[in-house]
Amino acid sequence: MTRVLAVASEVFPLVKTGGLADVVGALPAALKPHDVTMRVLVPGYPAVMAALEGGSKLHAWDDLNGGPATLVAGRAAGLDLIALDAPHLFDRPGNLYLAPDGADWPDNWRRFAALGHAAADLGSGRVSRFVADVVHCHDWHAGLAPALLHHAGRQAAASVMTIHNLAFQGTFPASIFTGLGLPDIAFAVDGVEFHGQVSFMKAGLQHADAITTVSPSYAVEICSPAGGMGFDGLLRARRQVLTGILNGIDTDVWNPARDAALPQRYDAASLSRRATNRPAVEEAFHLDASDDMIFAVVSRLTGQKGMDLLGECIDGLVAGGARLAVLGSGEPGLEAMFRAAAARHAGRVGVIVGYDERLSHLLQGGADAILVPSRFEPCGLTQLCGLRYGCVPVVARVGGLADSIVDANQAGLAAGAATGVQFMPVDRTGLESAIGRAIALYGQRKVWTGIQTRGMKTDVSWTASAGRYAELYRDVLKRRQA
């Protein structure tokens, strides 16, 4: 049995701001059939501590980055958790990363350095009640742990660093280095230094025994100057330990046959029932009742996600006879743009600024197509949910979107393989063309139903990818022990 400690800043269903939480919440159960037991180390936010059951103290620090802290092991939402209970760092309301004024918490470096120290202590035998074989670190928030393990010596656990989005790098002024507990030699180009600052992401990428990212295509893209966000040279140098493993989704949570958020449940064999959910979408988003196609968006409203491009296409989408339902939040200018579009096209465009898990399920189960026009997308989970729910994905041909969707071009349709619509280049013209193609395909009911049905039969579970992670863990352990 391989003992893995997953380290992350969020975990579904307890705390979530994006797809990272979904991945961290789904992997433990997916790995069980592969002789891997996984516990998740997560900050002791109020929601985590309130949900933790059967908590027992594993370890305590009199002073961990400015105050006392305790590692508490327990279960919550079916997960084996270790919570870092450090009230001075994590007992605060609101967003996990942002202060009430919308800026990053000024002590984020201190908060997530503490998470890294806790992970390193668990991976280097300093906590006798739990010793990990592998420490699996997710994104920059956990990136300090591989550096700390590296400097702890060969007796430490092996480490894996997973990049969920390289755009978020955990970069802080050089002045914080003395508070990280690393030796002086670590502040170097082959350490945690990044253009004169400290990068937690670089700490992980430089020192982890293996690096993964969340799709094969993204693993290639980040080794290029265009996609590497300044880390392409380092990633090319470490290409031999870099692997792209496509994310899955929790097919119990995302199951249209049993989804309580849907007025009418259905599966691929009863797809005709799906239309019953359309009125609920229309009501929630104040759309006029109609048989016209509904495009959905469930996304952060940011430039990375291509939401500005979609804003340029809304008038054409409506003129083409379709409707749009948007659920998300993000850049204030883009929020205002979508609100203005809803006012301009009352009854044809509906916008809800914010995030609502139930509404995200309803959109997948009642809209006709899900739009994901990202400029870059490490994996994307929205399109996988769309496949599962027969909500046809319309996606940019980048990263995990390219890996998970088969385009409904002439060849894809002739081969009976098409599951969605891809477009490239990622600009207004490309997106407008994709929207027009989707509207045309929707008008061919037999063809559209075939695309939906194939998507619903696609394996979007963690089964295959969990096996690849289990193999990776075994490999890094063998290399560490050699």
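Residues numbered from 1 in each chain as written. Predicted model: local features only at pLDDT ≥ 70, side-chain atom pairs only at ≥ 80, totals over all residues. Heavy atoms only, no water.

Colleague: Is there a simple way to think about the overall build of the protein in this case?
Modeller: Along the backbone of the protein there are 18 helices and 18 strands. Against the globule reference of 23 Å for 482 residues, the protein gives a C-alpha radius of gyration of 23 Å, in line with a compact fold. Its C-alpha atoms give the protein principal-axis dimensions of about 65 × 45 × 45 Å. Residues counted as buried form 60% of the 482 residues belonging to the protein. Partitioning the contacts of the protein with sequence separation of at least 6, the portion at a separation of at least 24 is 71%. (Helix = DSSP H or I, 4+ residues; strand = E, 2+ residues; numbered from the N terminus. Rg over C-alpha atoms; globule rule 2.2 N^0.38 Å. Buried < 20%, exposed > 50% of the residue type's maximum accessible area, 1.4 Å probe, protein only. Contact = heavy atoms within 4.5 Å.)

Colleague: Just checking my understanding: could you explain unusual backbone geometry for this structure?
Modeller: When glycine is set aside, most residues are seen to have a negative phi, and most peptide bonds are trans. A cis geometry characterises the amide bond from F12 onward to P13, with omega recorded as 10 degrees. Topologically, P13 is positioned in the loop between strand 1 (2–7) and helix 1 (19–31). In this model, M424 is joined to P425 through a cis peptide bond whose omega is 5 degrees. Considering the arrangement of structural elements, one finds P425 in the loop between strand 18 (421–423) and helix 16 (428–442).

Colleague: Would you take a moment to explain the packing of helix 4 (residues 108–123) against helix 5 (residues 144–152) for this structure?
Modeller: Running from N to C, helix 4 and helix 5 point in directions that differ by 45 degrees, and their axes come no closer than 8 Å. Relative to helix 5, the element helix 4 lies oblique. The two elements helix 4 and helix 5 cross, and the hand of that crossing is right-handed. Taking contact as the criterion, the partners of A113, G116, H117, A119, A120 and G123 in helix 4 are, on helix 5, L144, A145, L148 and L149. (Axes fitted to C-alpha atoms, helices over the stretch in contact; angles between N-to-C directions. Parallel < 35°, antiparallel > 145°, perpendicular 65-115°, else oblique. Left-handed = near helix turned anticlockwise from the far one by under 90°.)

Colleague: Before we go on, may I ask you to explain the pattern of salt bridges in this structure?
Modeller: Opposite charge on two side chains permits them to pair, given that their charged atoms come into close proximity. Applying the stated criterion to the full structure yields 18 salt bridges. Here D121 ties to R126 by a salt bridge, and the two come within 3.1 Å at their closest N and O atoms. A network of salt bridges, in which partner residues are shared, links K16, D22 and E357. (Salt bridge = Lys/Arg side-chain N within 4 Å of Asp/Glu carboxyl O.)

Colleague: Is there a simple way to think about helix 12 (residues 357–366) in this case?
Modeller: Structural remark: α-helix, 3.6 residues per turn; residues separated by three or four positions point the same way. The element helix 12 is largely enclosed, with a buried count of 8 among its 10 residues. Every buried residue of helix 12 is listed here: L359, S360, H361, L362, L363, Q364, G365 and G366. In this structure, the buried residues of helix 12 make contact with helix 9 (278–284), strand 13 (294–301), strand 14 (323–330), strand 15 (349–353), strand 16 (369–372) and helix 13 (382–389). By the N-cap criterion, in which a side-chain oxygen at the helix start approaches the backbone nitrogen of a residue two or three places on, helix 12 is capped by D356, the distance to R358 being 2.9 Å. (Polar contact = N/O pair within 3.5 Å; in protein donor to acceptor, adjacent residues only side chain to side chain.)

Colleague: Can you help me understand the sheet that holds strand 5 (residues 79–85) in this one?
Modeller: Whenever strands of a sheet pair, they do so through backbone hydrogen bonds, lying parallel or antiparallel. On the basis of which strands lie adjacent, the open sheet formed by 9 strands has the order 3-4-5-2-1-6-7-11-12 and mixed pairing. The two strands at the open ends of the sheet, each matched to only one other strand, are strand 3 (53–61) and strand 12 (242–244). Sheet twist, expressed as the average angle between the axes of neighbouring strands with direction ignored, equals 25 degrees. Where strand 1 and strand 2 (residues 36–43) come together, 6 bridges link them in parallel fashion. Residue pairing in the sheet places R3 in a bridge with T37 of strand 2. Each of strand 2, strand 5 and strand 6 (134–138) touches helix 1; the most contacted strand, strand 2, lies at about 155 degrees to it. (Pairing = 2+ DSSP bridges.)

Colleague: Please clarify how the sheet that holds strand 15 should be interpreted in this entry.
Modeller: Strands sit in the order 15-14-13-16-17-18 across an open sheet of 6 strands; the sheet is parallel. Edge strands, defined here as strands with exactly one partner in the open sheet, are strand 15 and strand 18. For this sheet, the mean inter-axis angle between neighbouring strands, taken without regard to orientation, is 15 degrees. Summarising the sheet, strand 17 (residues 392–396) and strand 18 pair through 3 bridges and their orientation is parallel. The residue bridging A396 from the neighbouring strand is F423, located in strand 18. Contacts from helix 10 (residues 307–319) reach strand 13, strand 14, strand 15 and strand 16 within the one sheet, and its direction differs from that of strand 13 by about 160 degrees.

Colleague: Help me out: how do you make sense of the environment of Q410 in this one?
Modeller: Examined against the element boundaries, Q410 turns out to sit in helix 15 (residues 410–414). Overall, the relative accessible area of 71% leaves Q410 in the exposed class. Between the C-alpha atoms of Q410 and A158, which are 252 residues apart in sequence, the distance is 47 Å.

Colleague: I tried to follow the nonpolar core on my own but got confused; where do I start?
Modeller: In globular proteins that are soluble, nonpolar side chains generally tend to be buried together. The biggest cluster of nonpolar side chains holds 173 residues, and the ones touching the most others in it are L41, L84, F200 and F295. It is helix 4 that contributes the most residues to this core, 9 residues altogether. (Core = buried A, V, L, I, M, F, W, Y, C linked by side-chain atoms within 4.5 Å.)

Colleague: Looking at this structure, how should I read the state of the cysteines?
Modeller: Considering all chains together, one arrives at 0 disulfides under this definition. Cysteine C223 is unpaired, with the sulfur of C379 as its nearest cysteine sulfur at 17 Å. Free cysteine C313: the closest other cysteine sulfur is in C391, separated by 18 Å. C313 sits in the buried class, given a relative accessible area of 2%. (Disulfide = S-S within 2.5 Å.)

Colleague: Looking at this structure, how should I read the packing of aromatic side chains?
Modeller: Following the criterion strictly, the structure yields 13 aromatic pairs and no others. Ring-pair connections join several aromatic residues into one group, and the members of that group are Y45, F90, Y97, F112, W140, F172 and F200. Over the ring of F130 we find R39, and its NZ or CZ is 5.3 Å from the ring centre. (Phe/Tyr/Trp six-rings, centres within 6.5 Å; stacked < 30°, edge-to-face > 60°. Lys NZ or Arg CZ within 6 Å of the ring centre and 35° of its normal.)

Colleague: Quick question: what am I supposed to make of the packing of helix 5 against helix 6 (residues 200–207) here?
Modeller: When two helices pack together, their arrangement is captured by the angle between the axes and the distance separating the axes. Relative to each other, helix 5 and helix 6 sit at 50 degrees, their axes nearing to 6 Å. Between helix 5 and helix 6, the crossing angle belongs to the class labelled oblique. In this structure, helix 5 meets helix 6 at a crossing whose hand is left-handed. On the side of helix 5, the interface is formed by L144, P146, A147, H150 and H151, while helix 6 contributes F200, A203, G204 and H207. Taken together, the residues of the contact of helix 5 with helix 6 break down into 5 nonpolar, 4 polar and no charged. (Nonpolar A, V, L, I, M, F, W, Y, C, P; charged D, E, K, R; others polar.)

Colleague: Just checking my understanding: could you explain the environment of I352 for this structure?
Modeller: Mapping I352 onto the fold places it in strand 15. The sequence separation of I352 and E335 amounts to 17 residues, and the corresponding C-alpha distance is 9.4 Å. Not counting residues within four places of it along the chain, the set of residues in contact with I352 comprises A284, F285, V326, L327, G328 and L359.

Colleague: How should I be thinking about the side chain of H361 in this particular structure?
Modeller: Tracing the sequence through the fold places H361 in helix 12. For H361, a relative accessible area of 6% corresponds to the buried category.

These results come straight from atomic positions and should not be treated as a statement about function.
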